[in-house]
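What follows is the residue order along each chain.
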Amino acid sequence: MKNKSSDASEVVILECCWVVELRSKTDVSVVLKLQSGEPDLHLEAASKPGCGSWAVAAREENSEGLRDKIQRLRRLIMEIKEERASDEAQQFLPSSQLDSLGEPQFTSIQRIANEPKLEFSLACKDLVAATRDRKLNTFIQVSVVHPAEHILTRYSSTEIVEGTKDPLFLTGVTFPPEYPIYEETKIKLTVYDVKDKSQDTVRTSVLPDHKEPRADVGRSFLGCATFRVGDLVKSKEQQLTLTLRTSDGGKTVGTIEVNLVKMGELEEGETDHITADTQDQKCALVRECTATEGISGKDNLPSLNAVLRNPVCKLYRFPTSDNKWMRIREQMAETTLSFHVPKELINLHIKEDMRRNQDLKDLGELAPHWDNMRKSVIAHCDQMLSMYQDTLAELGKHTGSSFKSSCSKGEKTLEFIPINLHLQRMHVHSPRLKDALYDVITVGAPAAHFQGFKNGGLRKLLSKFEAERRNTGYQCIYYSPENTAKAKEVLSNINHLQPLISSHADLLLSSASQRSPDSLKNSLKMLSEKTELFVHAFKDQLVRSALLALYTARPGCVLKKPAVPRNSAEEGADAQHQEHPSQMKRQDSIPHHSEYDEEEWDRVWANVAKSLNCLIAMVDRLLEKDNISNIKEGENEPSAADCQVLHTGGDWYEQLYPLVITLKDCMGEVVTRAKQSMAFVLLQELACGLPQCLMLTLRRDIVFSQALAGLVCGFVIKLHTGLHDQGFLQQLHTVGLLVQYEGLLSTYSEEAGMLEDMAVGISDLQKVMFKVIEAKSDDFLPIITGRREHYIIEVQLPAKMFELLPQEIKEGKLLRMYPVLFNVGINEQQTLAERFGDTTLQENINQENLELLKEYYKLFTEKMPPDCLPHFQEQNDLKGLLESLHQNIQAKKRKNVEIMWLAATICRKLNGVRFTCCKSAKDRTSMSVTLEQCSILRDEHQLHKDFFIRALDCMRREGCRIENVLKNVKCRKYAFNMIQLMAFPKYYRPPEGTYGKADT
């Protein structure tokens, strides 16, 4: 630092600080805020542009920023080196030449595919405190020294163990499959004594070679030890005992034990008595595992690897109530479906909207009033279509991470992408019990954040819009939501069935030209089935009334029986259109070019069925004559009458061709009229609510896209983990899949709008069907087909996995989803809502979804045998759990988290998929999933009751969820403050030192 004309007077090292540029137009200062707590440093520049450039430079040159860049660069280099070493060098160079290269050769660690490369647990003994009377509060920081570069990288840390010189750390160390670690890699273990937990946050960063980590505020260095990975892997006991020494290498301050961990394997002959202080009591813990049946092959699946990315893995060991050890591997992974599903959906929206716009243009000539309305609607639709196309183009440019961070939830280009979507998995290996997997999908509440919540969410907006649309006056004709949905369904059936019928008709003619009776019968059968579906699709009063309404909208019309177009029979009593001004004017003043015959549609529609009957009769006649000719072949001289019969049989193709053409012509006439009438219905829907109608459609598409991405992820994961469970597979195709969402949103301010969006988005998932197909290539990503309110998700499996499925699923049976949402707000905003606001929204949602859950349970008990539930579920009566859930919902108790625990338990017992959501799936969600994991360990795997809180703190302080926070906001702190946490339920509060101010 220096003045304008002087030499440098001071040097500022930009380490562990952040830069704030003052936004005032006149202020030219930059503020440096130091993590150490020292006073802020104000730097003044010569001008405002100079101030901005200084701020940018300070941010870029900050040590934390530089370390992040170096770390990313190092990982990229290691990946490139690994690929080249394995793919290029070994393919094109003999081993002798490889050894002669300057690049050193490293020994890989052999592990099962997709399993962590290395896992170990840690414990210290006889630690020496700096002062004799001080009780130690210690943790171990794990750093990695890569053999090629000799750079020390902080990798992870254990939890803090308080008040003992012999700490046993429950948090282990695990290296994921893709991590570049070899036998030559060195691992440095540094033990710290924590004086103030509230100020201690361990960060992952890169340090220069041989440089010790600096003593952060709140902790002091005790000692360190280093070992080679190869020494641990090859040791006979698979255990190392290392001496902890001070930084100068002289004084011994204790020992540290490193134990290699292999999940699911027996630790033969190893008993380790360790004493732990718990609430002033000492209990002897015996580390001893018995062999259990592992979960083999469930994670090692190429189709699952296609949808999961960037896994984070943590390892724990917790004592059971009978003083045995259980091992827990906590995993978290993002998914490629976060972007794949929304892009597929937007593409389908574009195609659907383009077809709708073309149908509106094909309506033909309309009277001026209706024609102006059509032009306005098409202009708005084209504008919205352009927006969808721009969004798809922007998403196509996206590269990098497969998830949307919480900081990006308000970005317009990413509004279709789910927020912070991850798989959270817990793999438990416990004594005398089978290994178990517990999955939860964590995702931010599906909501339109960029659109905002000033006027509420979808639940309120849709209700308000529908009420307003009923009172639109004479400008357009009102059709109910059910009728507009029916119109869309008719148009979809037309687009689907017409090409199929034409194709089957052509196959019928092809069979006739080949004179193949069997082929002719099969072709006729398929044609008949599809044509009957086609005829049935138009057997609706809506088509008839819409044709009449369209006729009255033509430039000139007259009715044989003057009538007002009605949208359906159920609205026949509604006389709001009987005094339609525009209609009366047209009927009185427009010249009558033609007369409308109300019965003409019935004749046109019936002609399709008649044409089909004629075709069937002709085929029957031809096949009958063919049978006669086959019989007469055995006789020497057929009679003259028989010859006449054979002659009239003639060429089958010539006999059938005119009838097929007639069928196609009749079908074309029906299609033209039906498409125009249904397009007219959609024109009324759009015209009655421009532009709100299109904006609501956009908002609903955004929310549904986020919800569907999570659902597809959950289904794929559940299918893979349940592939060998015949009871689950039977339940899947017989009843369907229960999908339970746990919401943690408050009913106050903006979060009430988010909850309204979320409720509608999850409800819309009821219309989604799944289908499992055999993959024909190495691309295992799901395929999405259909239209709004009717999507089919095709999940692809490799041939070997596909063969494991029941015949019903292999034959393409559609699988139903049963989504339910239970919400309980837990933060300080919910306290305001409960005391001064309104919680009716939450109460209504919970009550509605309880009824849906009961319906699913009823279906389940009716269609499934009683022995289909897993063995441990016999301990609890599902009927009793449902009754308890009902009572808790009716009780209207404040922040009644019992509702969420009961709903989650019922979901797991019914083989459902679990979701946990808050605003960004980062803070409250982390508290919930870690609590759920520890509760499962306590209730299902006998976690020692004295270690419940400690296990909870381990997962929250050093587990996958704090890594999720780091991914989202680049800071290892949950975004809570002390005042907020006072309003939280007890078990939803994070441990001291893990929360603070953070941008979310």
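- Looking at an unreviewed UniProt entry, one finds the chain named phosphatidylinositol-3,4-bisphosphate 4-phosphatase, with Ficedula albicollis as its source organism.
- Quoted verbatim from the Pathway (unreviewed entry) heading of the UniProt record, the comment on the chain is "Signal transduction; phosphatidylinositol signaling pathway."
- Taken from UniProt, the Catalytic activity (unreviewed entry) comment for the chain reads in full: "1D-myo-inositol 3,4-bisphosphate + H2O = 1D-myo-inositol 3-phosphate + phosphate".

So, the pairing of strand S9 (residues 186-194)
Okay, step 1: Judged by how many residues are buried, S9 sits mostly within the fold: eight of nine residues are covered.
Okay, step 2: The pairing of strand S5 (residues 137-145) with S9 spans eight bridges and is classified as antiparallel. Pairing of Val144 across the sheet is with Ile187, part of S9.
Okay, step 3: Inspection of the sheet shows S9 paired to strand S11 (residues 219-228) by nine bridges, in the antiparallel sense. Each residue of the ladder has a partner; that of Asp193, found in S11, is Ser220.

Structural notes on the side chain of Ser926
Okay, step 1: Of note, Ser926 is situated in helix H25 (residues 924-941).
Okay, step 2: By relative accessible area, which is 0% here, Ser926 ends up buried.
Okay, step 3: In terms of polar contacts, Ser926 uses its side chain to reach the side chain of Arg961, at 3.2 Å.
Okay, step 4: Filtering out sequence-adjacent residues up to four positions away, Ser926 remains in contact with Arg961 and Tyr974.

Topic: the sheet that holds strand S17 (residues 325-335)
Okay, step 1: Judged by pairing direction, the sheet is mixed, and its ten strands sit side by side in the order S16-S17-S18-S19-S25-S20-S24-S21-S23-S22 without closing on themselves. Each edge of the open sheet carries a strand with a single partner, namely strand S16 (308-319) and strand S22 (783-787). Strand-to-strand, the axes of this sheet are offset by a mean angle of 25°, without reference to chain direction.
Okay, step 2: With eight bridges connecting them, S17 and strand S18 (residues 422-429) associate as antiparallel partners. Looking across to S18, one finds that Gln331 is bridged to Arg425.

Digging into unusual backbone geometry
Okay, step 1: Pro691 follows Leu690 through a cis peptide bond whose omega is -10°.
Okay, step 2: Here Pro691 shows up in the loop between helix H15 (652-687) and helix H16 (692-721).
Okay, step 3: Non-glycine residue Gln238 carries a positive phi angle of around 50°.
Okay, step 4: As for its placement among the helices and strands, Gln238 is situated in the loop between helix H4 (229-234) and strand S12 (239-245).

Section: the environment of Gly456
Okay, step 1: Mapped onto the secondary structure, Gly456 falls in the loop between strand S19 (436-442) and helix H8 (458-469).
Okay, step 2: When near neighbours in sequence (up to four residues on either side) are disregarded, Gly456 contacts Leu461, Arg699, Gly753 and Glu756.

A look at a nonpolar patch on the surface
Okay, step 1: Together, Tyr748, Leu832 and Phe836 line one region of the surface with nonpolar side chains, adding up to about 330 Å² of accessible area.
Okay, step 2: Here Phe836 shows up in helix H21 (residues 828-836).
Okay, step 3: Under the relative-accessibility criterion, Phe836 is labelled exposed at 69%.

Re the packing of helix H7 (residues 368-396) against H16
Okay, step 1: Relative to each other, H7 and H16 sit at 25°, their axes nearing to 11 Å. On the basis of their axis angle, the class for H7 and H16 is roughly parallel. Considering how the two elements wind past one another, H7 and H16 form a crossing that is right-handed. Every residue of H16 that contacts H7 at His380, Cys381, Met384, Met387 and Tyr388 is listed here: Leu694, Met695, Thr697, Leu698 and Asp701.
Okay, step 2: Broken down by class, the residue content of the contact of H7 with H16 amounts to seven nonpolar, two polar and one charged.

Some points on helix H26 (residues 948-958)
For an α-helix, 3.6 residues make a turn, and residues three or four places apart therefore share a direction.
Okay, step 1: Most of H26 is tucked away, with eight of its eleven residues classed as buried.
Okay, step 2: Burial in H26 covers these residues: Phe948, Ala951, Leu952, Cys954, Met955, Arg956, Arg957 and Glu958.
Okay, step 3: Summarising the contacts, the buried residues of H26 are in contact with strand S6 (152-157), S16, S17, S18, H25 and helix H27 (960-969).

Brief notes about the packing of aromatic side chains
Okay, step 1: Scanning the model with the defined rule gives 18 aromatic pairs in all.
Okay, step 2: On the basis of an interplanar angle of 65° and a centroid distance of 5.1 Å, the ring pair of Phe976 and Phe984 is categorised as edge-to-face. You'll find Phe976 and Phe984 in the same group, each marked buried.
Okay, step 3: Each residue in the set Phe120, Tyr155, Phe175, Tyr179 and Phe227 is aromatic and connected to the rest through ring pairs, giving one cluster.
Okay, step 4: Directly above the ring of Phe728 sits Lys718, whose terminal nitrogen or CZ lies 5.4 Å from the centroid.
Okay, step 5: In this arrangement the basic side chain of Lys967 is found over the ring face of Phe403, its NZ or CZ atom lying 4.5 Å from the centre.

Quick notes on the state of the cysteines
Okay, step 1: The full count for this structure, using the stated rule, is one disulfide.
Okay, step 2: In this model Cys476 forms its disulfide with Cys688; the gap between the sulfur atoms is 2.2 Å. Here the S-S torsion is close to 130°, and the disulfide linking Cys476 with Cys688 is therefore right-handed. With a gap of 212 residues between them, Cys476 in the loop between H8 and helix H9 (481-513) and Cys688 in the loop between H15 and H16 connect regions that are remote in the sequence. Both residues of the pair, Cys476 and Cys688, count as buried.

Observations regarding H27
Okay, step 1: Counting buried residues in H27 gives eight out of ten residues, a clear majority hidden from the surface.
Okay, step 2: Buried within H27 are the following residues: Cys960, Arg961, Ile962, Glu963, Asn964, Val965, Asn968 and Val969.
Okay, step 3: The secondary structure elements touched by the buried residues of H27 are S16, S17, S18, S19, H25 and H26.
Okay, step 4: Residue Lys970 follows H27 closely and has a positive phi angle near 60°.

Quick notes on the pairing of S17
Okay, step 1: Burial analysis of S17 places eleven of its eleven residues in the buried class, the great majority of the element.
Okay, step 2: Residues of S17 alternate between two faces, with Trp325, Arg327, Arg329, Gln331, Ala333 and Thr335 on one and Met326, Ile328, Glu330, Met332 and Glu334 on the opposite face, all of them buried.
Okay, step 3: Linking S16 back to S17 in an antiparallel pair, the connection comprises five residues, with Asn323 at a positive phi of about 60°.

A word on the pattern of salt bridges
Okay, step 1: All told, the structure shown has 35 salt bridges when counted by the stated rule.
Okay, step 2: For Lys488, the salt bridge goes to Glu685, with nearest N and O atoms at 3.9 Å. Here Lys488 is found in helix H9, whereas its partner Glu685 is found in helix H15, with 197 residues between them in sequence.
Okay, step 3: Among the residues examined, Lys488 registers a relative accessible area of 24% and is labelled partly exposed.
Okay, step 4: Since its relative accessible area comes to 15%, Glu685 is described here as buried.
Okay, step 5: Across the pair Glu932 and Arg908 runs a salt bridge, and its minimum N-O distance is 2.6 Å. In this pair, Glu932 sits in helix H25 while Arg908 sits in helix H24 (residues 898-909), placing the two residues 24 residues apart along the sequence.

Remarks on the nonpolar core
Within soluble globular proteins, side chains that are nonpolar generally end up buried alongside one another.
Okay, step 1: Grouped together as the largest cluster of nonpolar side chains are 84 residues, with contacts concentrated most on Phe534, Phe538, Leu656, Met678 and Phe680.
Okay, step 2: The biggest single contributor to this core is H15, with 16 residues.
Okay, step 3: Those residues in contact with Leu656 that lie beyond four places of it in its chain are Leu509, Ala512, Leu520, Leu615, Met618, Val619 and Leu622.
Okay, step 4: Residues Phe318, Leu738, Leu881 and Ile899 belong to the second largest nonpolar core, which totals 62 residues.

Quick notes on the rules
- Residues numbered from 1 in each chain as written.
- Predicted model: local features only at pLDDT ≥ 70, side-chain atom pairs only at ≥ 80, totals over all residues.
- Heavy atoms only, no water.
- UniProt positions renumbered as here; feature names shortened; annotations may be inferred.
- Buried < 20%, exposed > 50% of the residue type's maximum accessible area, 1.4 Å probe, protein only.
- Helix = DSSP H or I, 4+ residues; strand = E, 2+ residues; numbered from the N terminus.
- Pairing = 2+ DSSP bridges.
- Polar contact = N/O pair within 3.5 Å; in protein donor to acceptor, adjacent residues only side chain to side chain.
- Contact = heavy atoms within 4.5 Å.
- Axes fitted to C-alpha atoms, helices over the stretch in contact; angles between N-to-C directions.
- Patch = residues over 30% accessible without salt bridge, like charges linked within 9 Å, V, L, I, M, F, W, Y side chains within 5 Å.
- Areas by Shrake-Rupley, 256 points an atom, 1.4 Å probe, with all protein chains shown as cover.
- Salt bridge = Lys/Arg side-chain N within 4 Å of Asp/Glu carboxyl O.
- Parallel < 35°, antiparallel > 145°, perpendicular 65-115°, else oblique.
- Left-handed = near helix turned anticlockwise from the far one by under 90°.
- Nonpolar A, V, L, I, M, F, W, Y, C, P; charged D, E, K, R; others polar.
- Phe/Tyr/Trp six-rings, centres within 6.5 Å; stacked < 30°, edge-to-face > 60°.
- Lys NZ or Arg CZ within 6 Å of the ring centre and 35° of its normal.
- Disulfide = S-S within 2.5 Å.
- Core = buried A, V, L, I, M, F, W, Y, C linked by side-chain atoms within 4.5 Å.

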